[in-house]
Amino acid sequence: MKGSHLAAALAGALSFLLTGLSFAPAQDMDTERAIERYRQMLKEDPWSNPALLDADRGETLWTTPRGPKNVSLEGCDLGKGPGVVEGAFAELPRYFADADKVMDLETRLLWCMESLQGFNRADLVKRPHPAGGQPVKELGAIATYIASKSNGMTFAAKLDQPKEREAVALGEALFARRSGPFDFACATCHAEEGRRIRLQALPQLSKPEEARKVVGEWPAYRVSSTHVMTMQHRLYDCFWQMRMPELELGSDVSVALIAYLVKTAQGGEIAAPGLKR
Amino acid sequence: MRAIAALAFALVAAPATAQDKPAVPAEKVEAAVKAAFPNPAPEWQARLHPDETMKACSAHDNAPPPALAEAIQARERAKIEYPADGQFMGDWRRGERLAQSGYGMRFTDYPPRNPNGGNCYACHQLTKQELSYGTIGPSLLGYGRIKEFSPEAVKAAYEKIANPHATLPCSLMPRFGSNKILTIEQVKDLVALLMDKDSPVNN
């Protein structure tokens, strides 16, 4: 694909620009400028988002027979029937009767990789997210592909079934819940308008207008760590800042928080994979 | 009898909300958290679950009713440990380094390679020189000067950093002293950063 070559070239240029900038606050301004330039390039050529390389990789992983059972994920039902990917992400999270659970995209993929392909769940959740500079893991690449197939649609998860409403309510309670040695809740950083940590703007995720702007951009290529970050990785990283232990991929906490975020963002546009600082 | 029954009901019923959301029992929330962070090291167990103060603050969206606010304030004030020598000010230069550092207590920070930081700049403006500051807390630029460098303000700054709930129940600021994030000596260095006449905060 033509776009992929361009994306690869840009990803290279960008990681060169940003090597070592990730955590140095004094260089936040440089990062912001690099992102501004980058957004401009994206506007001129939407194919230049390096995350599209991972979406391509994800498509191959989705269609290739893999795992101990050597089957592809095309038998995986993301809610619209086995193998249907078009628009599936836009209706997640949702309740799945086969698993008797509410699941977001990544949790559902985990379930399909385990139950259809025979992968070992413990292996999949062991190191689920890439270190800085490393490419997103397989599950994340597949999630990037699936999300890209809802790009331009609006969030339409109904979240109105009893178990779905329970998940949203659990997410809301977790959002306000303070714990850990720093006494942080999600709300500490994300429940007031116009706040920032150092120079990083903090979206007020409890407010629909703001949630609609950002939630649909995940999975996203994260410029400061030069890889794709999925939504569950984003939450894992926020819990890291909260001085909490490592959030388990596919946990009810992950699903509930995502259900709450998506519910708050309902009606917002999906622009995935997005691009983040 | 009717009245008592009604009262009992009011006490146990979950708070009704405008959107009529299903209430989540506390045990369910705690169980979900426990399962989401499997097998934490024993010294991390306590991080998973909030203490009485955090429970109360979360339940009231950090705006506790007056009686509860008073109880929180008294409980947290009692947790403040004071310097044995009665000196509240250390070295502002060390304080500035602590204010810059966000290091410490994250799961990637073990075994510790540096002392824990206070990361004050994450939430506060402090000096004219540092432009990369957050805005979750108020600006502390010129703090000592504004407080006229009074001994009472020096002590109050110590107490604020050690345990902000002692003066503002359900503050969003971490309990740096009482939660053992910073040592007494480190808190003193930060007090100096705020209150020393020579500190860049006041110049």
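Definitions and limits used
- Just so you know, the residues in each chain are numbered from 1, in the order the chain's sequence is written.
- Both sets of labels track the order of writing: A upward for chains, 1 upward for ligands.
- Reporting of local features is limited, given that this is a predicted model, to residues whose pLDDT is at least 70; pairs of side-chain atoms are given and counted only at 80 or more, and all residues count toward the totals for whole chains, interfaces and linings.
- Only hydrogens and water are set aside when side-chain values are computed; all heavy atoms of the structure are taken into account.
- Put simply, DSSP H or I for four residues or longer makes a helix, DSSP E for two residues or longer makes a strand, and each gets a number counted from the N terminus.
- When a residue's accessible area, from a 1.4 Å probe over protein chains only, is under 20% of the maximum for its type it is buried; when over 50% it is exposed; and in between it is partly exposed.
- Between two residues, a contact is recorded if the distance between any of their heavy atoms is within 4.5 Å.
- Throughout, the Shrake-Rupley method with a 1.4 Å probe supplies accessible areas, and for residues the shown protein chains are the sole cover considered.
- Convention adopted: a line fitted to C-alpha atoms gives each axis, helices being fitted over their contacting stretch, and angles between N-to-C directions are expressed from 0 to 180 degrees.
- For classification purposes, an angle smaller than 35 degrees is called roughly parallel, one larger than 145 roughly antiparallel, one from 65 to 115 roughly perpendicular, and anything else oblique.
- The classification used treats Ala, Val, Leu, Ile, Met, Phe, Trp, Tyr, Cys and Pro as nonpolar, Asp, Glu, Lys and Arg as charged, and all other residues, Gly among them, as polar.
- What pLDDT expresses is the predictor's confidence in each residue, scored from 0 to 100.
- Joining two parts hides part of their accessible area as seen by a 1.4 Å probe, and the buried area is that hidden amount summed over both.
- Every case where a carboxyl oxygen of Asp or Glu lies within 4 Å of a side-chain nitrogen of Lys or Arg is listed as a salt bridge.
- Identification of polar contacts relies on pairs of N or O atoms within 3.5 Å, with a donor-acceptor requirement for protein atoms, meaning one able to donate a hydrogen and the other able to accept it, and with residues adjacent in sequence counted only if both atoms are side-chain atoms.
- Any pair of cysteine sulfurs within 2.5 Å is marked as a disulfide.
- We call Phe, Tyr and Trp rings a pair once their centres come within 6.5 Å, taking the six-membered ring for Trp, and we label the pair stacked below 30 degrees between planes, edge-to-face above 60, and tilted otherwise.
- Think of it as a cone above the ring: NZ of Lys or CZ of Arg counts as a charge over the ring if it is within 6 Å of the ring centre and within 35 degrees of the ring normal.
- Residues are said to line a cavity or pocket when one of their atoms sits within 4 Å of a point; the points come from a 1 Å grid over protein atoms alone, cavities being sets where a 1.4 Å probe fits but cannot get out and pockets being open sets with protein on both sides within 12 Å along at least five of seven lines.
- Grid points are joined across faces, edges and corners, and a volume is the space filled by probe spheres set on the points.
- DSSP-based pairing: two strands are paired if at least 2 bridges between them are found.

This next bit is on the overall build of chain A. Looking only at helices and strands, one finds 11 helices and seven strands in chain A. When each of the 277 residues of chain A is scored for burial, the buried share is 57%. Of all intrachain contacts in chain A linking residues separated by at least 6 positions in sequence, the fraction that spans at least 24 positions is 67%. Of the accessible surface of chain A, which amounts to about 11400 Å², a share of 54% is contributed by carbon and sulfur atoms.

On to the packing of helix α10 (residues 231-241) of chain A against helix α11 (residues 252-264) of chain A. Residues and elements named next belong to chain A. Following both chains from N to C, one finds α10 and α11 inclined at 105°, their axes separated by 10 Å at the closest point. The pairing of α10 with α11 is recorded here as roughly perpendicular in orientation. In this structure, α10 contributes Met 231, Gln 232, Leu 235 and Phe 239 to the contact, and α11 contributes Val 253, Ser 254, Leu 257, Ile 258 and Leu 261. Here the residues of the contact of α10 with α11 sort into seven nonpolar, two polar and no charged.

Here the focus is α10 of chain A. Residue and element names in this part refer to chain A. Most of α10 is tucked away: 10 of the 11 residues are buried. Buried residues of α10: Met 231, Gln 232, His 233, Arg 234, Leu 235, Tyr 236, Asp 237, Cys 238, Phe 239 and Trp 240, and no others. If you follow the buried residues of α10, they end up packed against α4 (105-115), α8 (186-190), β5 (220-222), β6 (227-229) and α11. Within two residues after α10, Arg 243 carries a phi angle of roughly 65°, on the positive side.

Bringing the confidence of the model for chain A into the picture now. Detailed reading of the predicted coordinates is not advisable wherever pLDDT falls low. Confidence in the prediction for chain A averages 89 pLDDT; 87% of positions are at 70 or higher. Segment residues 1-26 of chain A: pLDDT under 50, and 36 contacts once partners within four positions in sequence are set aside and those in other chains are kept.

Turning to the interface of chain A and chain B, a few remarks are in order. Counting residues at the interface gives 40 residues for chain A, matched by 51 residues for chain B. Across the chain A to chain B interface the summed buried area is about 4000 Å²; carbon plus sulfur atoms make up 61%. For the chain A face of the interface with chain B, the top three residues by lost area are Arg 178, Arg 198 and Trp 240 of chain A, together amounting to 21%. Across the contact surface, chain A and chain B share four salt bridges. The closest approach of N and O atoms between Glu 30 of chain B and Arg 177 of chain A, which form a salt bridge, is 2.7 Å. Inspection of the chain A/chain B interface yields 24 residue pairs in polar contact (both at pLDDT 80 or more). Taken together, the residues of the side of chain A that touches chain B sort by class into 21 nonpolar, five polar and 14 charged.

Moving on to the state of the cysteines. According to the stated counting rule, one finds two disulfides over all chains in the structure shown. With its sulfur 2.1 Å from that of its partner, Cys 76 of chain A forms a disulfide with Cys 112 of chain A. Taking the sign of the S-S torsion, 75° for the link of Cys 76 of chain A and Cys 112 of chain A, the bridge is right-handed. On the criterion of sequence distance, the pair formed by Cys 76 of chain A in the loop between α3 (51-63) and β1 (94-96) and Cys 112 of chain A in helix α4 is long-range, its members being 36 residues apart. Residue class for Cys 76 of chain A comes out buried when judged on its relative accessible area of 0%. You can call Cys 112 of chain A buried: its relative accessible area is 1%. Linked covalently through their sulfurs, Cys 57 of chain B and Cys 170 of chain B form a disulfide whose S-S length is 2.1 Å. Across the disulfide from Cys 57 of chain B to Cys 170 of chain B, rotation about the S-S bond amounts to roughly -90°, and the bridge is consequently left-handed. Here Cys 57 of chain B is found in helix α4 (residues 52-59), whereas its partner Cys 170 of chain B is found in the loop between α9 (151-162) and α10 (184-195), with 113 residues between them in sequence. The thiol of Cys 238 of chain A is unpaired, and the distance to the nearest cysteine sulfur, on Cys 186 of chain A, comes to 7.4 Å. We note that Cys 123 of chain B lacks a disulfide partner, and the nearest cysteine sulfur, in Cys 189 of chain A, lies 6.6 Å from it.

Bringing the pattern of salt bridges into the picture now. Residues and elements named next belong to chain B. Under the defined criterion, the tally for this structure stands at 29 salt bridges over all chains. The partner of Arg 94 in a salt bridge is Asp 91, and the shortest N-O contact between them spans 4.0 Å. The class for Arg 94 is partly exposed, based on a relative accessible area of 40%. Take Asp 91: its relative accessible area is 26%, and that puts it in the partly exposed class.

It is worth spelling out the packing of aromatic side chains at this point. Here the structure, examined in full by the defined rule, presents 10 aromatic pairs over all chains. Ring geometry for Phe 239 of chain A and Phe 37 of chain B: centres 5.2 Å apart, planes at 80°, overall edge-to-face. Taken together, the residues Phe 239 of chain A in helix α10 and Phe 37 of chain B in the loop between α2 (26-36) and α3 (45-48) connect one chain to another. Assigned by exposure class, Phe 239 of chain A and Phe 37 of chain B land together as buried. Chaining the aromatic ring pairs together yields one cluster made of Phe 182 and Phe 184 of chain A together with Phe 176 of chain B. Note that Arg 196 of chain A overlies the ring of Tyr 133 of chain B, its terminal NZ or CZ placed 4.9 Å from the centroid. Its guanidinium or amino end placed over the ring of Phe 182 of chain A, Arg 243 of chain A lies 4.1 Å from that ring's centre, counting from NZ or CZ.

Further remarks concern empty space enclosed by the protein. Counted according to the given criterion, the structure contains three cavities of 30 Å³ or more. Phe 89, Leu 105, Trp 218, Met 231 and Ile 258 of chain A are, among the 14 residues lining the largest cavity, the residues nearest its centre. Of the residues assigned to the lining of the largest cavity, the class counts are 12 nonpolar, no polar and two charged. Roughly 80 Å³ of volume is contained in the second largest cavity. Along its surface, the second largest cavity is lined by Leu 174, Arg 177, Ser 179, Cys 186, Phe 239, Met 242, Met 244 and Val 253 of chain A together with Val 33 and Phe 37 of chain B. A breakdown of the residues in the lining of the second largest cavity according to their chemical character gives eight nonpolar, one polar and one charged.

The next subject is the sheet that holds strand β7 (residues 274-276) of chain A. Residue and element names in this part refer to chain A. Read across the open sheet, the three strands follow the order β6-β5-β7; overall the sheet is mixed. Each edge of the open sheet is held by one strand with a lone partner, namely β6 and β7. Neighbour to neighbour, the strand axes of the sheet diverge by 40° on average, direction disregarded. Of the pairings in the sheet, the one linking β5 to β6 comprises three bridges and is antiparallel in character. Opposite Ala 220, over in β6, you have Met 229 as the bridge partner. In the packing of α10 onto the sheet, the strands contacted are β5 and β6, and the crossing angle to β6 comes to about 85°.

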